[in-house]
Each structure stands twice: as C-alpha cells, then as structure tokens.
Amino acid sequence: MGVEAHATNERVTGRRWTVRLDPVGRGRADVRVSCSRPACAAQVLPSAAAGRTAAIGHLKAHLRAGPAPRPSAQCACRAEECHTHIRPAGPRERPVPWRCGGAVVLAVVTDREGRWWQVMECCSRCAAAHPTAKVVATAPAAEAPARSDGFRADAAAPATPGGTATPGGPAVTTPTFSAAGPHFSHSATATAAGTAVPQQASAPPSAPRSDHRPDPRSAPRSARQPRRRPPRGRIAQRLVPHDLRPVELRDELTELGELFRAYQARTEPDLAMLADLHARKAEAFHAWAEATADTGLRLDARRAEQAAATARLQHLHRIGQAPDGEGPAVARLLTAPAQWNHARSVLAHVAETAPLPGAEARLLVVMVTLRTAQAGVGNLVGQDIKGLPLSDPEQLVGQLVESGWLGISGTVEELIASRPENPTRITVPSLTPDEDDPGPFTFGRKLRPKLSGWAQRVVGEKKLRKGKTEADVRLLALALATGSDGGGHLGPGGEGIGVDTLSSWCAVGPGDLPALVDRLTAADWLAEADVTGTLLTGRLTERVLPLGCPLT
C-alpha cells in the first residue's frame, strides 16, 4: 500500500506541445509555422500548402526524435481537469486517480481545418474522446506483479532485441520511433509503437499422442491465432460497449457512427440523408436506453428525433414540397424563418423610430431603411421614390433631410431626377454602426437586398398598383404579410391581429381600419375578413401567399 501511494505521488505530468499554422498578415498569402517548444524558431512559408507540409514535417521530426510515452506519466488531458474523457462503463473499470483509463499513449490532436496539431501524452480513454485524435505510440505495459512462489509472472520471457536488461529480472523493451517512424492511425499496434513482443519459452516436449496430432499448447505463441476483440464503435462521443446485446443493436450503433462521420466529410449537404440518419439514431438510442436503463440515452434519442424532424422540414422547403407531403409548398420570396423574423424586426424598428407622422412618411422611411439597413449608407434613384404612392415626394424627402434623419449627397431635386446609371448616395446616421453601437439589425449583407426586394414586391404588387391604393393600404399589406401563419390565417394560430396594433402601424385611427380592409379585400389580398372592436380576422388569399412571412 505504501509503495503504491509513493508511486502515485511521484507521477509526472504528461508532455504536451503544439505546432501552429497562422497567417502572417491580412491580405497576404504567406503563413507562419510555429512550435510551442522553446528551442524551435518560427518559419515563414510562401503559401498555406507549403506551410502545412512544413508543419507536418516538423511534427514528425519531433515524434521521431522524442522519447516514447512513459507508463507512469500522468494524463496530460486529466491534468488540466478535462471533462471530455469517456467515463468507465461499469464498476469493474475503476481508473486510478492519476489516469482516466487505459494505457498511456502519445496522441496527435488536430482541428478539422488543419491549422494546428497538438501532441499529447495522455491515457487511451482521453485520446478516444477526441474526435480527431490519432495515436502515434503506446507505452509498454507495467511490470507484472510477483507470484506467491517468489518468481515474477514474466520471468520466463527472454530478452528481446532492443530491450534493456535489468538485474534480477527480464528484459524491458523500450519503444523507439526511429525504426518505423511516426504512424498516424486511429489504433496503436505493437508494430506502430515500435515495441517488440517477447517470445514465450516453448513448453517441454510431451509424450507422442496416439493419433499423432500435434498438441496445440506446444505450438509457439506466434503461431497461435491471436485473440482479437471486435472493433469498438463510437457515436455521439459515446463508445459502444463490446458486450452490448443484442448484437444487431451494437452493429447498428457502430454503423451509424461511421455514417455520421462520413456525412461530416461531405462537401455538399444532403438534408434528406441527414434526416434519415437522425431517425435511425433516435430509434437505436431508444433501444440502447431500454437495454441499459440510461436516462441520458433517452434524452439523446429525443434530441435525435427533433433533429430528424428539423432536417426533414428544411429538405422539403428546399425542394418545394409541403411538410405533410400532400402537395407542393408555397414558393415564398423569403424562404427561411430567420429571414421572416428579420423582416418583422425592420418593420418594428420603423414603427418605433419614424421621424415624421403620417402614412406616407412611414412608407418612405420603411423603403429607405431597407436600402441602408446594413451600414447606414446606400443608393437611391428617382424612380424608387416616384414609384411610391406619395402626394408630394419632393417635399417629403426634404422634410426627412431637414429633420436630420436622412442625408443625401446632392439636392432633393437631383435625387428625384437621378437615374439608375447615376444613383444618389444617401445616409441614415441612426443606422450607421460604430464601435459602441453595432446598429439595430443583425442580418448580413446578402440578406439586406432580399428584404428590400421583398418589401418592393409587396408595396408594388400588381393589383395594389393598378387600384392606385394609398400608402396606408400598402402599409397594412406589409403588416398582414408578416402577421399571418403558414396557411395565411391572420395572427398567431389564426386568432387574428389587434386593431390598435394595425392602426398604429398604418398611422390611421382605429375607425379608418375597416375601409383599408375593404380595399385589400377588393384587391384580392384578403378573404373572409372580419373587423371587430378589437381584432381583425381572416386570411391571405392564395395569390399573395408567396409574399408572406409566416409566424413561427
């Protein structure tokens, strides 16, 4: 007991070092290769490919020149209180305090993009917990315990080439890297580690048997069939137990882990395939949970079911089919829930910050905001303004400029007269981001023109334009397009939208809202519309459903 405690206290921390590949500067093609070991100087290479080759060569040189993993080394991963290691599968696998489990190995961990490589002297369980870890070498087994007869269990084993003789005991082999060089593989073998396998002394010859068949026990160990465990699968950072029953479940989990890793290596996504994989994973994890009574597996199974449903819905949206598979889905101008939410955020921002009263000013502010939402600057031509139902566009633009909300590069007259080949530069200071304020919107540059085009399609819809509807009617059309569900029914769950909310957005009184609803009904925008004292119910017609942003 005292010897074991003393050995535990003198454990040394496992080695760890990193080789990195970093860009030298922005806009430059050359890269820098650096190593965390003190004696290694950084190198500058002309390209990423050359840098990656040099980094790998540098790493291999360290592996060839460095010592083998030490059996008594403390796990480097465990020394930093890493919680990604695999816990023991049962009470029989109780790791010692200085090691998570398994033999000490030398593992190489890298990121998927190939920007850094880390060598780590750790236990085999921690190496298995890292998805990208590749074992280079395994430490030799510890000395065998003494037997009751005074001899060691391995005393009969002769010394092997490359071993070091110890007084009063067998030869202890030391793995070397120079013989076979570093091997990057998922499993470490005796050959890859450079460890010589001791030969067992042959048994004394026995008396000849009557049937003249050789005794299999007298054959050398190298001639016997080695005992091999089946390959251990891994799925979702879990190891599939060897003794999991039924065998079909174990094989299914192992195959699913390989299929998920193969899917991650694909260059193009296949959402239908991903949905099927998640569905199979959910079914397999349910069976695994029933076999082991593990609550964590049940939770993973439910998450896999949700992931399968989400991936399948995204796939149907991409191919234009309805989620229930009964017919084609609506080919919407904005296709994703995130885009619909961003459209609603723009309308909400305008309703709170519009600098001028009235429906015409509100409509113009919406269109200008969508033109400058990303960086606070944009381009505008006269047709963009004259195409809106404004009674005096020149005066309205002048009022926005005088209020300080809008800035233009020239005069208002020049803006109204500008053409697409010579647009006018405009700025909205309240939307311009800086170090302290990134701006009110979070969508990217590619989405901004999509949102602007969607608003133009709604405001300039054919029947609204031919009917010469006013600005308040088109504002109501924008509100209803973002306030209906997937089937076009107004409000969450089709329960309707508040009259006060719509009248405030359209900059009209609540009593004027029924007239606006009648105009949209006549333009074949609304069907089954009904205005009560507090709610507007109804649904969008099939004709305008592609312009809708369903509530999620």
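Please refer to the structure placed before this passage.
Residues numbered from 1 in each chain as written. Predicted model: local features only at pLDDT ≥ 70, side-chain atom pairs only at ≥ 80, totals over all residues. Heavy atoms only, no water.

Details of unusual backbone geometry
Argument step 1. Residue arginine 245 is joined to proline 246 through a cis peptide bond whose omega torsion reads 5 degrees.
Argument step 2. Mapping proline 246 onto the fold places it in the loop between β12 (238-239) and α6 (247-264).
Argument step 3. Positive phi, close to 55 degrees, is recorded for alanine 236, a residue that is not glycine.
Argument step 4. Within the element layout of this structure, alanine 236 appears in the loop between β11 (234-235) and β12.
Argument step 5. Unusually for a residue other than glycine, alanine 507 sits at a positive phi of about 60 degrees.
Argument step 6. Among the structural elements, alanine 507 can be located in the loop between α17 (499-506) and α18 (513-522). (Helix = DSSP H or I, 4+ residues; strand = E, 2+ residues; numbered from the N terminus.)

A closer look at the state of the cysteines
Argument step 1. All told, the structure shown has zero disulfides when counted by the stated rule.
Argument step 2. Looking at the unpaired cysteine 122, the closest cysteine sulfur is the one in cysteine 75, lying at 4.9 Å. (Disulfide = S-S within 2.5 Å.)

Some remarks on the pattern of salt bridges
Argument step 1. Tallied over the full model, the rule gives 19 salt bridges.
Argument step 2. Note that arginine 238 is salt-bridged to aspartate 300, the shortest N-O span being 3.2 Å. Taken together, the residues arginine 238 in strand β12 and aspartate 300 in helix α8 (residues 295-319) connect sequence positions 62 residues apart.
Argument step 3. A residue is classified by how much of its surface remains accessible, and arginine 238, at 24% relative accessible area, is partly exposed.
Argument step 4. One connected set of salt bridges, linked through shared partners, spans Arg238, Asp294, Asp300 and Arg303. (Salt bridge = Lys/Arg side-chain N within 4 Å of Asp/Glu carboxyl O. Buried < 20%, exposed > 50% of the residue type's maximum accessible area, 1.4 Å probe, protein only.)

Section: the nonpolar core
Argument step 1. In terms of nonpolar packing, the biggest core is built from 71 residues, with Leu364, Leu406, Trp454, Leu476, Leu480, Leu520 and Trp525 touching the most fellow members.
Argument step 2. Beyond its immediate chain neighbours, meaning those up to four positions away, leucine 520 contacts Leu464, Val473, Leu476, Ala477, Leu480, Trp525 and Leu526.
Argument step 3. With 19 residues, the next largest nonpolar core counts Leu274, Ala275, Ala301 and Ala311 among its residues. (Core = buried A, V, L, I, M, F, W, Y, C linked by side-chain atoms within 4.5 Å. Contact = heavy atoms within 4.5 Å.)

Focus on the pairing of strand β6 (residues 104-110)
Argument step 1. Among the seven residues that make up β6, seven are buried, leaving the element largely enclosed by the rest of the structure.
Argument step 2. In β6, alternate side chains face the same way, and those of Val104, Leu106, Val108 and Thr110 on one face and Val105, Ala107 and Val109 on the other are all buried.
Argument step 3. Relative to strand β7 (residues 116-123), β6 is paired through seven bridges, and the arrangement is antiparallel. Bridging from a neighbouring strand, valine 108 pairs with valine 119 of β7.
Argument step 4. Taking the residues between adjacent antiparallel strands as the criterion, β6 and β7 are bridged by five residues, where glycine 114 takes a positive phi near 70 degrees.
Argument step 5. Relative to strand β8 (residues 134-138), β6 is paired through four bridges, and the arrangement is antiparallel. Across the sheet, the residue bridging to leucine 106 is alanine 137, located in β8. (Pairing = 2+ DSSP bridges.)

A closer look at the sheet that holds strand β15 (residues 424-427)
Argument step 1. Pairing in this open sheet of three strands is antiparallel, and the strands run β13-β15-β14 from one edge to the other. Of all the strands in the sheet, the pair left with one neighbour each is β13 (377-380) and β14 (407-408).
Argument step 2. The sheet strands contacting helix α10 (residues 359-372) are β13 and β15, and the helix crosses β13 at an angle near 120 degrees. (Axes fitted to C-alpha atoms, helices over the stretch in contact; angles between N-to-C directions.)

Looking at the packing of aromatic side chains
Argument step 1. Applying the stated rule across the entire model yields two aromatic pairs.
Argument step 2. Each ring, one from phenylalanine 285 and one from tryptophan 288, has its centre 5.5 Å from the other, and the planes form 80 degrees; the classification is edge-to-face. Of this pair, phenylalanine 285 and tryptophan 288 both sit in helix α7 (residues 271-292), three residues apart, roughly one helical turn.
Argument step 3. Classification of tryptophan 288 as buried rests on a relative accessible area of 5%. (Phe/Tyr/Trp six-rings, centres within 6.5 Å; stacked < 30°, edge-to-face > 60°.)

Things to note about the packing of helix α16 (residues 471-481) against α17
Argument step 1. Orientation of α16 relative to α17, taken along the N-to-C sense of each, is 130 degrees, at an axis distance of 9 Å. One way to sum up the angle between α16 and α17 is to call them oblique. Classified by chirality, the crossing of α17 by α16 is right-handed. Only Leu502, Trp505 and Cys506 of α17 make contact with α16, whose side of the interface consists of Asp472, Leu475, Leu476, Ala479 and Leu480.
Argument step 2. A breakdown of the residues in the contact of α16 with α17 according to their chemical character gives seven nonpolar, no polar and one charged. (Parallel < 35°, antiparallel > 145°, perpendicular 65-115°, else oblique. Left-handed = near helix turned anticlockwise from the far one by under 90°. Nonpolar A, V, L, I, M, F, W, Y, C, P; charged D, E, K, R; others polar.)

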